[in-house]
Amino acid sequence: AQSVTQLGSHVSVSEGALVLLRCNYSSSVPPYLFWYVQYPNQGLQLLLKYTSAATLVKGINGFEAEFKKSETSFHLTKPSAHMSDAAEYFCAVSDRLDDKIIFGKGTRLHILP
Amino acid sequence: DVKVTQSSRYLVKRTGEKVFLECVQDMDHENMFWYRQDPGLGLRLIYFSYDVKMKEKGDIPEGYSVSREKKERFSLILESASTNQTSMYLCASSFKGYSNTEAFFGQGTRLTVV
């Protein structure tokens, strides 16, 4: 069965510093992978997705993620954090056998002034 | 723009009540999902529907049922609400057979059972 592990339920970075949110997946077949963001009192919004076309994926708001099959990872990065990046981030996986999307437990990103 | 609309943002219900959470999407998506979101537990899949009248259990279906009589509408039913069902409920939809397409989410319904 597919699953996702997000390391760190809370991550704090200073404004202007590198953001790194970690995600490892488990899937019996090559997966599709997603990062979503949730701002307070809002639904989830797609940041980016990996669909096997390219291992480095660029998303909205300056975020990107790299698919590493050997490490079963799909970490999310942003070179320079902004106060508006404070939110909860979810990694998700979908295998090619059905259309279910399974989410990790989320990482809340705090931006320090 | 894809729109997934949940009928209520906030609901307060009493223990033992039958509760209906409604979700409507306007993109002709075949797939619809109900998730429950709790702090520290992320999103957990309750039920998944891939077509009208078709459904599959997710990871935590106990205490819930669903109804999909029309393609655009997916209802989550709490037969007898309990306090441990107090949570945020998120509905989503996506195209069928294209696992690389993302799910689109509604704004969520925060349900409190007292």
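Here, the structure is the one placed above.
Basis of the calculations
- Residues numbered from 1 in each chain as written.
- Chains lettered and ligands numbered in written order.
- Predicted model: local features only at pLDDT ≥ 70, side-chain atom pairs only at ≥ 80, totals over all residues.
- Heavy atoms only, no water.
- Helix = DSSP H or I, 4+ residues; strand = E, 2+ residues; numbered from the N terminus.
- Rg over C-alpha atoms; globule rule 2.2 N^0.38 Å.
- Buried < 20%, exposed > 50% of the residue type's maximum accessible area, 1.4 Å probe, protein only.
- Areas by Shrake-Rupley, 256 points an atom, 1.4 Å probe, with all protein chains shown as cover.
- Lys, Arg positive; Asp, Glu negative; His and termini not counted.
- Charge placed at Lys NZ, Arg CZ, Asp CG, Glu CD.
- Pairing = 2+ DSSP bridges.
- Axes fitted to C-alpha atoms, helices over the stretch in contact; angles between N-to-C directions.
- Phe/Tyr/Trp six-rings, centres within 6.5 Å; stacked < 30°, edge-to-face > 60°.

A. Region of interest: the overall build of chain A. Along chain A, the regular secondary structure elements total zero helices and 11 strands. The order of helices and strands in chain A, counted from the N terminus, is β-β-β-β-β-β-β-β-β-β-β. Whereas a compact globule of 113 residues would reach a radius of gyration of roughly 13 Å, chain A reaches 13 Å, a difference of no more than 12%. Here the C-alpha coordinates of chain A stretch approximately 45 × 25 × 20 Å along the principal axes. Out of the 113 residues belonging to chain A, those deemed buried represent 47%. By element, 52% of the accessible surface of chain A is carried by carbon and sulfur atoms, the whole surface being about 5300 Å². Of the charged side chains in chain A, 10 are positive and 9 negative, and the gap between their average positions amounts to 2 Å.

B. How the structure looks around the pairing of strand S5 (residues 44-50) of chain A. Residue and element names in this part refer to chain A. Where strand S4 (residues 32-38) meets S5, six bridges bridge the pair, whose relative direction is antiparallel. Of the residues in S5, the one forming a bridge with Leu33 is Tyr50. Linking two consecutive strands that pair antiparallel, namely S4 and S5, is a turn of five residues; a positive phi of about 60° is found at Asn41 within it.

C. Region of interest: the sheet that holds strand S6 (residues 56-58) of chain A. Residue and element names in this part refer to chain A. The strand order S1-S3-S8-S7-S6 describes an open sheet built from five strands, whose pairing is antiparallel. What marks the edges here is a single partner per strand, and that holds for strand S1 (3-7) and S6. Going from strand to strand, the sheet's axes swing by 20° on average, the running direction of each strand aside.

D. Region of interest: the packing of aromatic side chains. Scanning all chains against the criterion turns up 15 aromatic pairs over all chains. Here the aromatic rings of B:Phe33 and B:Tyr35 are separated by 6.0 Å at their centres, their planes lie at 20°, and the arrangement is stacked. Neither residue differs from the other here; B:Phe33 and B:Tyr35 are each classed as buried. Taken together, a centroid distance of 5.0 Å and an interplanar angle of 20° make the contact between B:Phe33 and B:Phe48 stacked. Here B:Phe48 lies in strand S5 (residues 42-51) and B:Phe33 lies in strand S4 (residues 31-38), a separation of 15 residues in the sequence. For the pair shown, B:Phe33 and B:Phe48 are each scored as buried. Counting every residue linked through ring pairs, the aromatic cluster contains A:Phe34, A:Tyr36, A:Phe90, A:Phe103, B:Phe33, B:Tyr35, B:Phe48, B:Tyr50 and B:Phe105.

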